[in-house]
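# Chain and residue survey
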Amino acid sequence: MINRTDLDVEKAVKISKTKKYISRVVIVLFLVLVVLLCFFPLFIMILTALKDQKETLAATFRFLPETPLFSNFVDCFARDNWFRYFFNSGFITLMVVLFSTFISSLAGFSFARLKFKGNTVLFMMFMAGIMIPSQVYIVPQYIMLRSIPLLGGNDITGAGGIGLLNSYWALIIPFTAAPLGIFLCRQFYLTFPRSLDDAARIDGCSDLKIFTSIYLPQSKTVFATFIILKFTYTWNEFFYPLIMTNSKEMYTVQIGLQQFNELGTVNWPLLMAATLVTMIPILIVFFAAQKYFVQGIVTSGLK
């Protein structure tokens, strides 16, 4: 004979399972909607890149191109020296990522593991750099780079020439400062047990030896996170190279994209085709480091 209490319990379990199933379905549908909203602009970019200029300027909007023009991906790079633009962006971004990763890891290690006067105050000053927009100090930076003595035609007083302006150094040196990278490395290194440092010092290791032998090999996750963020920011930077360069030989891909603005009319198919191609390096870097990306974000925020 089946007890009524057992029936009530079974019914309650079924209701609970049904609610969980419904909630999961709702969550999945919501996430699918968010993904579609995020990818919709990219989808429109791809379709626009395959259209003719007349279709993009037509009074009646057509979602799909009448005749897909894959030749736009070739034509968009035929009008200028895009090989030079890609080389400039690639070289600048690579140097910035290498230098800033190394400097940020050293600074993060110092703030996290070394005890010295003004540690907290100095760290907070570095963090203030995150809150200040680069446009605020672009003029002082321009004056400093132009006034470097004995470079770019300058005399000993830093006058008479252009200094480091219109050079790779002008686009590399300022970007090596990375308060975000210092923050990520510091938070990551704080998760290491203090006893690890003590054991290494007992074995006769210096602070630099501890960093290079213990901390540096364990930094893949935080490095991957920072490299993705720094690479994306540097590759996509437009305002700073525009101010610091004055010749086509130093243009980056982001400045090169402006050539599709023709007498007030934007050539949207060629612009979208070129933009999609310039996104490829970022996608390559992301997919190469994605397995460490989420882990690095979580780990660097534990403390």
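Residues numbered from 1 in each chain as written. Predicted model: local features only at pLDDT ≥ 70, side-chain atom pairs only at ≥ 80, totals over all residues. Heavy atoms only, no water.

## Focus: the overall build of the protein chain
Check the secondary structure of the protein chain and you find 15 helices and two strands. Based on the C-alpha atoms only, the size of the protein chain along its principal axes is roughly 105 × 75 × 30 Å. Considering the protein chain as a whole, with its 303 residues, one finds that 35% of them fall into the buried category. Residue pairs at least 24 apart in sequence account for 69% of intrachain contacts in the protein chain once pairs closer than 6 positions are excluded. Of the accessible surface of the protein chain, which amounts to about 18500 Å², a share of 70% is contributed by carbon and sulfur atoms. (Helix = DSSP H or I, 4+ residues; strand = E, 2+ residues; numbered from the N terminus. Buried < 20%, exposed > 50% of the residue type's maximum accessible area, 1.4 Å probe, protein only. Contact = heavy atoms within 4.5 Å. Areas by Shrake-Rupley, 256 points an atom, 1.4 Å probe, with all protein chains shown as cover.)

## Here we look at the side chain of threonine 252
With respect to the helices and strands, the residue threonine 252 is situated in the loop between helix H12 (239-244) and helix H13 (253-256). When its relative accessible area of 5% is taken as the criterion, threonine 252 is described as buried. Look past the residues within four positions of threonine 252 in its chain and what remains in contact with it is Tyr85, Ser89, Ile92, Glu237 and Pro241.

## Side note on the pattern of salt bridges
Taken as a whole and assessed by the stated rule, the structure comprises five salt bridges. Between arginine 62 and glutamate 55 there is a salt bridge, with the nearest N and O atoms lying 4.0 Å from each other. Residue arginine 62 is classed as partly exposed on the basis of its relative accessible area of 42%. Salt-bridge contacts for arginine 201 lead to aspartate 207; the nearest nitrogen and oxygen are separated by 2.8 Å. Residues joined in a network through salt bridges with shared partners are Arg113, Arg194 and Asp197. (Salt bridge = Lys/Arg side-chain N within 4 Å of Asp/Glu carboxyl O.)

## Points about the packing of helix H4 (residues 82-113) against helix H8 (residues 179-189)
Two elements in contact, H4 and H8, have axes whose closest approach is 7 Å; the angle formed by their N-to-C orientations is 45°. The pairing of H4 with H8 is recorded here as oblique in orientation. Where H4 crosses over H8, the handedness of that crossing is right-handed. Across the interface between the two elements, Ser104, Ser105, Ala107, Gly108, Phe109, Phe111, Ala112 and Arg113 from H4 touch Gly181, Ile182, Cys185, Arg186 and Tyr189 from H8. (Axes fitted to C-alpha atoms, helices over the stretch in contact; angles between N-to-C directions. Parallel < 35°, antiparallel > 145°, perpendicular 65-115°, else oblique. Left-handed = near helix turned anticlockwise from the far one by under 90°.)

## Focus on the environment of lysine 51
Examined against the element boundaries, lysine 51 turns out to sit in the loop between helix H1 (4-49) and helix H2 (53-57). Accessibility expressed as a relative area gives 5% for lysine 51, which makes it buried. For the pair lysine 51 and glycine 264, spaced 213 residues apart in the sequence, the C-alpha separation amounts to 20 Å. With sequence-adjacent residues up to four places away left out, lysine 51 is seen in contact with Thr56, Phe61, Arg62, Phe63, Leu64, Pro65, Leu69, Asn72 and Pro269. Here the side chain of lysine 51 touches arginine 62 through a polar contact of 2.3 Å, landing on its backbone oxygen. (Polar contact = N/O pair within 3.5 Å; in protein donor to acceptor, adjacent residues only side chain to side chain.)

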